[in-house]
Amino acid sequence: VPRPRLIDRLNQGLHRKLTLISAPAGFGKTTLVSEWVDNIRSATESESQIDNRIAWLSLDEGDNDPARFMAYMITALQTIEANIGKGALSALQSPQPPPAEAVLASLINEVAAIPGSIILVLDDHHTIESSPVNNALAFLLERLPPQMHLVIASREVPPLPVARLRARGQLTEVHATDLRFTSAEAAEFLNQVRGL
């Protein structure tokens, strides 16, 4: 079922640092973000722009290791720009990796030099229980380049500076109450799927 009211909310949030989509399992978080990403890609391709390029990282329990998390995040960003984060990636693979802040500072500087907008989607963030990974994400959010937007889909509100971002007007939120079907959406679903 198309969700134009939610797609509009996500589009309006692109000028903010973070879009947080949090709801229990089965509420359609990933489906909504996928639909939104498809709409953005279609619009970008039809206009032949480099704006709003999207990197997607689906997280799991193994990504609680900070070095692995950052390596996968850099690899996701390399789908947008092949050379981004090469130095940071090789530093992460060294026997003595540098602190996360140093790796992220280098990555942030490289992202800041890229033209056009970048959207980084982190799906299934609820699988991340590691404080160092969440601290790295908080560091990234505080220093996010203006052309980068972070989208987090999770079953719960992550332990990030969400209240601070909300107070600064840098957060777009979509929760379970927003993801519930309206009467019109429920009718459309039942008519399409069940042929009622």
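Our structure is the block above this text.
Bear in mind the structure is a predicted one, so any value in this text is a computation, not a measurement.

Caption draft 1: Fine view of the overall build of the protein. The secondary structure content of the protein amounts to 9 helices and 5 strands. Along the protein, from the amino end to the carboxyl end, the secondary structure elements read α-β-α-β-α-α-α-β-α-β-α-β-α-α. The C-alpha radius of gyration of the protein comes to 17 Å, within 12% of the 16 Å expected for a compact globule of 196 residues. Projecting the C-alpha coordinates of the protein onto the three principal axes gives extents of approximately 60 × 40 × 30 Å. Out of the 196 residues belonging to the protein, those deemed buried represent 45%. Look at the contacts in the protein between residues 6 or more apart in sequence, and 76% of them connect residues 24 or more apart. If you sum the accessible surface of the protein, you get close to 9500 Å²; carbon and sulfur atoms cover 51% of it. A distance of 5 Å separates the average location of the 17 positive side-chain charges in the protein from that of its 22 negative side-chain charges.

Caption draft 2: Layout of the nonpolar core. Core analysis: the largest hydrophobic core is formed by 43 residues, its most contacted members being F69, M73, L77, L107, L120, L122 and L150. Sequence-distant contacts of L120, defined by excluding residues within four places in its chain, comprise A55, M73, L77, M148, H149, L150 and V151.

Caption draft 3: Quick look at a nonpolar patch on the surface. A surface patch of nonpolar side chains, amounting to about 520 Å² of accessible area, comprises V1, F181, F189, L190, V193 and L196. Position of V193 relative to the elements: it lies in helix α9 (residues 183-194).

Caption draft 4: Representation of the pairing of strand β5 (residues 171-175) in the model. Summarising burial for β5: 4 of the 5 residues are buried, a large majority. Sheet topology places strand β1 (residues 18-22) next to β5; 5 bridges connect them, and they run parallel. If you follow S22 over to β5, its bridge partner there is H175.

Caption draft 5: Looking closely at the sheet that holds strand β3 (residues 118-123). Ordered by their spatial adjacency, 5 strands build an open sheet running β2-β3-β4-β1-β5, and the pairing between neighbours is parallel. Lying at the two open borders of the sheet, with one neighbouring strand each, are β2 (53-58) and β5. On average, adjacent strands in this sheet sit at an angle of 15° to one another, irrespective of strand direction. Contacts between helix α1 (residues 4-12) and the sheet are confined to β1 and β5, with β5 contributing the most and set at about 160° to the helix.

Caption draft 6: Representation of α1 within the structure. Of all the residues in α1, the buried ones are L6, I7 and L10. Along α1, the residues classed as buried sweep out an arc of 100° about the axis, all on the same side. Residues of α1 that are exposed and point more than 90 degrees away from the buried face comprise P4 and Q12.

Caption draft 7: Representation of helix α6 (residues 131-142). Counted at 1.5 Å a residue, the expected span for α6 with its 12 residues is 16 Å, and the 16 Å between its end C-alpha atoms agrees. Looking at the buried residues of α6, the elements they touch are β1, α3 (66-77), α5 (100-112), β3, β4 (148-154) and α7 (162-167).

Caption draft 8: Focus on the side chain of D63. Checked against the element boundaries, D63 lands in the loop between β2 and α3. For D63, a relative accessible area of 1% corresponds to the buried category. With near-sequence residues (within four places) excluded, D63 lies in contact with S58, R68, F69, Y72, I128 and V133.

Caption draft 9: Layout of the pattern of salt bridges. Under the counting rule described, the total for this entry stands at 8 salt bridges. With a closest N to O distance of 3.1 Å, E185 and R5 form a salt bridge. Here the residue E185 occupies a position in helix α9, and R5 occupies one in helix α1, the gap between them amounting to 180 residues. E185 sits in the buried class, given a relative accessible area of 7%.

Conventions we followed
- Residues numbered from 1 in each chain as written.
- Predicted model: local features only at pLDDT ≥ 70, side-chain atom pairs only at ≥ 80, totals over all residues.
- Heavy atoms only, no water.
- Helix = DSSP H or I, 4+ residues; strand = E, 2+ residues; numbered from the N terminus.
- Rg over C-alpha atoms; globule rule 2.2 N^0.38 Å.
- Buried < 20%, exposed > 50% of the residue type's maximum accessible area, 1.4 Å probe, protein only.
- Contact = heavy atoms within 4.5 Å.
- Areas by Shrake-Rupley, 256 points an atom, 1.4 Å probe, with all protein chains shown as cover.
- Lys, Arg positive; Asp, Glu negative; His and termini not counted.
- Charge placed at Lys NZ, Arg CZ, Asp CG, Glu CD.
- Core = buried A, V, L, I, M, F, W, Y, C linked by side-chain atoms within 4.5 Å.
- Patch = residues over 30% accessible without salt bridge, like charges linked within 9 Å, V, L, I, M, F, W, Y side chains within 5 Å.
- Salt bridge = Lys/Arg side-chain N within 4 Å of Asp/Glu carboxyl O.
- Pairing = 2+ DSSP bridges.
- Axes fitted to C-alpha atoms, helices over the stretch in contact; angles between N-to-C directions.
- Arc of directions from axis to C-beta.
- Expected span 1.5 Å × (residues − 1).

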